[in-house]
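Spelled out, the chains give:
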Amino acid sequence: MSRGRNGLAAVLGKPGICYLAAVAVIGVMNALDVFDHETMFYLCLTATLPMSLFTPALLFHVVAPLLHVLRMPDPAVQFLVDFGYAFVGGVLNVLLFLGARALAREWCSAQRAARAARAAR
């Protein structure tokens, strides 16, 4: 059996794991009203840009109504939406980064293959 790195840590690395931990802490602080709403709004917004531009619409227009339909109590819905504003934005940022990195690697490998084919002629 190989001793290579597997799982989430292998994909994200230490910076990615630390970033997700940070946005989880910010999400909990937002949900527990540690600071006033305006301060937390700007903190969550800057910590999770660019995906924080789309996360509120997803949470307030899709997730929150669905949780109300499932008869979840209002305080629980509010906690999940406040926590999710930071954490979901952070997870979407990580997915965006991983997708961009995969596209860049694919493009670079295609360019290398094309150069090698031209050199072989």
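Predicted model only: the values in this text are computed from it and were never measured.

For the rest of this paragraph, the subject is the packing of aromatic side chains. As enumerated under the stated definition, the model contains three aromatic pairs in all. Summarising the aromatic geometry, the rings of Phe41 and Tyr42 are spaced 5.1 Å apart at their centres and angled 70° between planes, so their arrangement reads as edge-to-face. What makes Tyr42 partly exposed here is its relative accessible area of 45%. Here Phe41 and Tyr85 contribute two aromatic rings whose centre-to-centre distance is 6.2 Å and whose plane-to-plane angle is 5°, an arrangement assigned as stacked. Of this pair, Phe41 sits in helix H2 (residues 37-47) while Tyr85 is found in helix H4 (residues 74-120), placing the two residues 44 residues apart along the sequence. An aromatic cluster is built from Phe41, Tyr42 and Tyr85, whose rings are joined through pairwise contacts.

Further remarks concern H4. With 47 residues, H4 should cover 69 Å at 1.5 Å per step; its first-to-last C-alpha distance of 67 Å lies within 8% of that length. The sharpest bend along H4 reaches about 45° and sits at Gly84. Buried within H4 we find Val77, Val81, Asp82, Gly84, Tyr85, Ala86, Gly89, Gly90, Asn93, Val94 and Leu98. Structurally, H4 contributes buried residues whose contacts are with helix H1 (8-31), H2 and helix H3 (55-69).

Take unusual backbone geometry next. Leu49 connects to Pro50 through a cis peptide bond whose omega is 5°. Positionally, Pro50 belongs in the loop between H2 and H3.

One can describe the packing of H2 onto H4 by two numbers: an axis separation of 9 Å at closest approach and a directional angle of 10°. By the angle between their directions, the pair H2 and H4 is classed as roughly parallel. Between H2, through Phe41, Cys44, Leu45 and Ala47, and H4, the contact on the second element is made entirely by Tyr85, Ala86 and Asn93. The residue makeup of the contact of H2 with H4, split by class, is six nonpolar, one polar and no charged.

Criteria and cut-off values
Along each chain, residues carry numbers from 1 onward, in the same order as the chain's sequence is written. Selection of residues for local features in this predicted model requires a pLDDT of at least 70, selection of side-chain atom pairs for listing and counting requires 80 or more, and totals for whole chains, interfaces and linings are taken over all residues. Computation of side-chain values covers all heavy atoms of the structure but excludes hydrogens and water. For this analysis, a ring pair means two rings from Phe, Tyr or Trp (six-membered ring only for Trp) whose centres lie within 6.5 Å, classed as stacked if their planes differ by under 30 degrees, edge-to-face if by over 60, and tilted for the remaining angles. Relative accessibility decides the category of a residue: with a 1.4 Å probe and only protein chains considered, values under 20% of the type maximum give buried, values over 50% give exposed, and everything between is partly exposed. In DSSP terms, a helix is any run of H or I states spanning at least four residues, a strand is any run of E spanning at least two, and both are numbered starting from the N terminus. In this analysis, the expected span of each helix is defined as 1.5 Å times one less than the number of residues it contains. The angle between axes fitted to the seven-residue stretch ending at a residue and the seven-residue stretch beginning at it gives the bend at that residue. What makes two residues a contact is simply this: any of their non-hydrogen atoms within 4.5 Å. Lines fitted to C-alpha atoms define the axes here, with helix axes fitted over just the stretch in contact, and angles between the N-to-C directions of these axes take values from 0 to 180 degrees. Any angle that is under 35 degrees is reported as roughly parallel, and any over 145 degrees as roughly antiparallel; angles of 65 to 115 degrees are reported as roughly perpendicular and all others as oblique. Gly is placed with the polar residues, together with every amino acid not listed as nonpolar (Ala, Val, Leu, Ile, Met, Phe, Trp, Tyr, Cys and Pro) or charged (Asp, Glu, Lys and Arg).

Nothing here speaks to function; it is geometry throughout.
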